[in-house]
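# Residue-level structure breakdown
These are the residues of each chain, in order.
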Amino acid sequence: MKKLLGILTLSIATLGLTGCFYEKVETGHVGVAWALGKMKTEELSPGIHQTFTQSIKVISVRETTVPLANLKPKTKDNVTMQQVAIDVRYTIAPNRVAETLAKLAGDLSFNADGDQVVGERYVKRHAQEAIFKAVAKFDSGEIHKHRDEIAADVVTELQKSLNKEMPGVFHIPGATVRSLTTDPRLEEAIRQAAQVQFEINRAEGQKALALAQAEVRLTTAKAEADANRVIAASLSPMLIRKMEIDAQQAFAGKGTHTVLMGNGSATPLLNVK
């Protein structure tokens, strides 16, 4: 009998050492324990906990990404989107995990990182409603320009919706718009409209440049004309005659030629060979 008890004690100790009677809760997680088929309402903090008298589920309280794809919300102008894909991120308050698990019975799943999480389906359902509301604020022809606004609207609306039903439990740190796809024909129309606008902008730019260049030329010509008028106004008959005499004297001083001074009717400069 003593031998049997010794073997049993040794077996229990061995099982304990190999991890069969304890569960490790890593940082960024909490434990939810069940004893005699009843869930305990107080979470287990990170550390090592015995499982000899209880079973433990390790739940992540780190940020979890919930992908939503193949959504077909309607835009402000009543056009059904071909495909909308948005990722939302959420965390859960560590001290509200057991309570939330009890309230959302069965909403326990594994996320993309392989961690067990509570409330993913609940958050996803509310996120879909938030996305439909955000998309409905924009026209189909302009919606591709408002990805950031849509993401911000989704975060705001989703947080408001979650707080209304379960205040202080979930936190939505952000969302990312992965895809906003309208009908292919509408996409082509948007592309063509963008190309037309580009051509219009380029033509307006060329027109503005041409007008500017013409303005420069007009200003230059006006300045030259004004200068000529000033010069013409300053040339009196006496000044012109003096300039002629000065020119004749300068000409006479070059080489052997005779200069005949005219009286106004004869050519003033003659080269006599």
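Note on numbering: residues in each chain are counted from 1, in written sequence order. For this predicted model, a pLDDT threshold of at least 70 governs which residues receive local features, and a threshold of 80 or more governs which side-chain atom pairs are given and counted, while totals over whole chains, interfaces and linings are taken from all residues. Based on all heavy atoms of the structure, the side-chain values leave hydrogens and waters out of the count.

Before going further, it helps to spend a moment on the overall build of the chain. What the chain contains, in helices and strands, is six helices and 10 strands. When each of the 273 residues of the chain is scored for burial, the buried share is 29%. Contact criterion: two residues are considered in contact whenever any of their non-hydrogen atoms come within 4.5 Å of each other. Across the chain, every contact between residues at least 6 apart in sequence was considered, and the portion connecting residues at least 24 apart equals 61%. In these tables, accessible area is a Shrake-Rupley quantity obtained with a 1.4 Å probe, and a residue counts as shielded only by the protein chains included in the view. Only carbon and sulfur atoms are counted for the fraction: they give 60% of the accessible area of the chain, which is about 17,700 Å². By definition, any uninterrupted DSSP run of H or I lasting at least four residues is a helix, any uninterrupted run of E lasting at least two residues is a strand, and each is numbered from the N terminus. Think of it in three bands: with a 1.4 Å probe and only protein chains considered, a residue is buried below 20% of the maximum accessible area for its type, exposed above 50%, and partly exposed in between.

Glancing now at the confidence of the model for the chain. Per residue, pLDDT captures the predictor's confidence, and it can take any value from 0 to 100. The pLDDT averaged across the chain works out to 82; a share of 75% of its residues lies at or above 70. Segment residues 7-18: pLDDT under 50, and six contacts once partners within four positions in sequence are set aside and those in other chains are kept. With pLDDT under 50 throughout, residues 269-273 is counted as low confidence; its partners more than four residues away or in other chains account for nine contacts.

So, about the nonpolar core. Core analysis: the biggest nonpolar cluster contains 41 residues, and Ile 86, Val 88, Ile 150, Val 154 and Phe 170 have the highest contact counts within it. Breaking this core down by element, the ones donating at least two residues are strand 2 (29-35), strand 6 (64-71), strand 7 (83-92), helix 2 (97-103), strand 9 (116-118), helix 3 (120-135), helix 4 (147-165) and strand 10 (170-181). Looking at this core, the element that brings in the most residues is helix 3, giving seven residues. Those residues in contact with Val 88, other than ones at most four positions away along the chain, are Thr 64, Thr 65, Val 66, Leu 68, Ala 127, Val 154, Leu 158, Gly 174 and Ala 175. Take the buried residues of types Ala, Val, Leu, Ile, Met, Phe, Trp, Tyr and Cys, join any two whose side-chain atoms come within 4.5 Å, and each joined set is a nonpolar core.

Strand pairing is assigned whenever DSSP detects at least two bridges linking the two strands. Read from one edge to the other, the open sheet built from three strands follows the order 3-2-5, with strand pairing classed as antiparallel. The strands lining the two open edges of the sheet, one partner per strand, are strand 3 (38-39) and strand 5 (55-60). Taken together, the two bridges between strand 2 and strand 3 define a ladder with antiparallel strand orientation. For Ala 35, the partnering residue across the bridge sits in strand 3 and is Lys 38.

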